[in-house]
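Geometric and topological summary
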Amino acid sequence: GSLGVLPIIYKFYPYYKDNLPNKKIDLLTWAFTAALIGFTLVLIGGYFFEPIVVRKFSRTSKLFVDYYHWVFLFAFGMLFYSVLESYSWGIHKSVLTNFLKETLFRGVTLIFITLFLFKVIDFDIFIKLYSFLYLLILAILAVILYKENQLPITFEISRVTKRFYKKIASMQALVFGGICVMTLGQTIDSIMIAGVQGIKQTGIYSLAIFASSLIGVPQRSLQSIATGILSRAWKEKDYAEINRIYKRSCINLLIFAIFIFGNLWLNIEAGFTVLNIQASYTAGISSMLILGIARIIDAGTGVNGTVVGTSNYWRFDFLSGVCLLAVRLPLAYIFLKQYGLIGMAYSELVSQVLYNFLRYELLRRKFNMQPFDEKTIYSLLVAALSFAITYFLLKDVDGWTGIILRSGLFTSILLAGIFALQLTPDAMQLYHKFIDRFKK
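These figures come from a predicted structure and were not determined experimentally.

A word on the overall build of the protein. In terms of helices and strands, the protein carries 18 helices and 0 strands. Relative to the compact-globule value of 22 Å for 440 residues, the protein shows a C-alpha radius of gyration of 23 Å, a close match. Along the first, second and third principal axes, the C-alpha set of the protein runs to 70 × 55 × 45 Å. Scored against the burial criterion, the 440 residues of the protein give a buried share of 46%. Excluding contacts between residues fewer than 6 apart, the proportion of contacts in the protein whose partners are at least 24 apart in sequence is 80%.

Turning next to the environment of S212. With respect to the helices, strands and loops of the structure, S212 is situated in helix α9 (residues 199-213). Once the C-alpha coordinates of S212 and L264 are considered, the two residues, 52 residues apart in sequence, prove to be 8.6 Å apart. Here S212 is in contact with L291, G292 and R295, once residues within four sequence places are set aside.

Moving on, we come to the layout of surface pockets. One number sums up the size of the second largest pocket: a volume of about 840 Å³. Around the second largest pocket, the lining comprises 27 residues; the ones closest to its centre are N252, F256, D426, A427 and L430. Mapped by element, the contributors of at least two residues to the lining of the second largest pocket are α10 (217-235), α11 (239-274), α17 (399-421) and α18 (425-439). Among the elements that take part in the lining of the second largest pocket, α11 stands out by supplying 10 residues, more than any other. Residues belonging to the lining of the second largest pocket are distributed by class as follows: 16 nonpolar, 6 polar and 5 charged.

What follows concerns helix α4 (residues 68-90). When the terminal C-alpha atoms of α4 are compared, their 34 Å separation across 23 residues agrees well with the 33 Å that a helix rising 1.5 Å per residue should span. Two residues or fewer after α4 comes H92, characterised by a positive phi angle close to 60°.

A few words on the packing of α4 against helix α5 (residues 94-117). Between α4 and α5, the least distance of the axes is 8 Å, while the angle of their chain directions is 150°. With respect to each other, α4 and α5 are oriented roughly antiparallel. Contact residues: α4 offers F74, Y81, E85, S88 and W89, while α5 offers S94, T97, L100, K101 and F105.

A few words now on the packing of aromatic side chains. Remark: the centre distance and the inter-plane angle together describe each pair of aromatic rings, the angle taken between the planes. This structure, assessed with the given rule, holds 30 aromatic pairs. Judged by centre distance (5.9 Å) and plane angle (75°), the rings of F105 and Y130 are edge-to-face. Of this pair, F105 sits in helix α5 while Y130 sits in helix α6 (residues 123-130), placing them 25 residues apart in sequence. Ring geometry for F126 versus Y130: centroids 6.2 Å apart, planes at 20°, classification stacked. Taken together, the positions of F126 and Y130, both in helix α6 and 4 residues apart, correspond to about one turn of that helix. A relative accessible area of 27% means that Y130 is categorised as partly exposed. Taken together, the ring pairs connect Y67, F74, Y81, F105, F116, F123, F126, Y130 and Y134 into an aromatic cluster.

Right, let's talk about α10 for a bit. End to end, α10 covers 28 Å across 19 residues, agreeing with the expected 27 Å (1.5 Å per residue, within 8%). At A226, α10 shows its strongest bend, of approximately 35°. The set of residues buried in α10 consists of P218, Q219, S221, S224, A226, T227, G228, L230, S231, A233 and W234.

Cut-offs used in this document
- Residues numbered from 1 in each chain as written.
- Predicted model: local features only at pLDDT ≥ 70, side-chain atom pairs only at ≥ 80, totals over all residues.
- Heavy atoms only, no water.
- Helix = DSSP H or I, 4+ residues; strand = E, 2+ residues; numbered from the N terminus.
- Rg over C-alpha atoms; globule rule 2.2 N^0.38 Å.
- Buried < 20%, exposed > 50% of the residue type's maximum accessible area, 1.4 Å probe, protein only.
- Contact = heavy atoms within 4.5 Å.
- 1 Å grid on protein atoms, 1.4 Å probe; cavity = no way out; pocket = protein on both sides within 12 Å on 5 of 7 lines; lining within 4 Å.
- Points joined across faces, edges and corners; volume = space filled by probe spheres on them.
- Nonpolar A, V, L, I, M, F, W, Y, C, P; charged D, E, K, R; others polar.
- Expected span 1.5 Å × (residues − 1).
- Axes fitted to C-alpha atoms, helices over the stretch in contact; angles between N-to-C directions.
- Parallel < 35°, antiparallel > 145°, perpendicular 65-115°, else oblique.
- Phe/Tyr/Trp six-rings, centres within 6.5 Å; stacked < 30°, edge-to-face > 60°.
- Bend = angle between axes of the 7 residues up to and from the residue.

Given below as structure tokens:
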């Protein structure tokens, strides 16, 4: 539905910002217009393809068919929030957008789940309330930006648009193809599982995806912060700054990823027990391991996707994405049929390895940017040692006591290793800031 407009916003915003007063920046107007056209096309497609969806999913995934129309309301809010979010990245409001999407969105969802568990609302009301969530955070973001005079809407075509419209149109067309490829790659797992094995198995695999996606929260936050900075750095050809951000992001995100994954994997079985999660969901634990490793690989390569996407080699994401999808689709289907849910997880792991390797090679060959050094190896060794010590000392401690002790010990050993070996300069900076604030 975005018609490829999201990367256009943060790629070209520095040019609008440097050449126009704020009230005459028309980039957001055209972005909303493109999204509205795109969503209209999505609605038309949804209408004509509904009989196929009903026929394909009625037997194995009836709930999806029952709430088919509510998906489009959810998608509408998601789409227009994404447009405003991309613009907010350009004006360095990423902390606000991350809070709305990563914290407030989940917080309100938790409230809805609690109301459902205590039978204040039924499942039907829960789904319908959930469908409005993106519209809620969209409205909040729009009001905040409007009050800060950061929401320029003008239908006057600016001189920047007149100058760059051909570049914008050509980039948008190719980016749109890339987004279609990326979206299909991200959603094909659930679609295939729902169609082949049913919505119950989809739910089990989705829990594995949600658990492993926790590892990607720092990465998504850093990407949103780095996007505007990288766009300007590419515009000004500040390669040293780009390389610094790329290298720092790799080591920092790797440490965050192994910290989250270590705590998650040490306590996954105890967590299922104390939270009284249905026994059938334990079938997804092995998938969580594979997906977790895939997320660590993705996080450990930093914001390479953002570096490539904001450069003049943005076409690479589209071309490599098409090639990888051509491999991923048959691989995912064959693995799913042959090995079940764990096979689907392995197909995701293979895809992440290939995709990040191609990005790594592009940046290494074209710009001589190589972010890994001995500290990368030390980080992995410290994490492995922290995990092994914690596991063997506390593996027999059950319940909340075990979860708290394992998390505390693993975190303590890992942090000690990070500071002792000075694995990242950012750790020391944060430490000194904390000490300074504490003294005050």
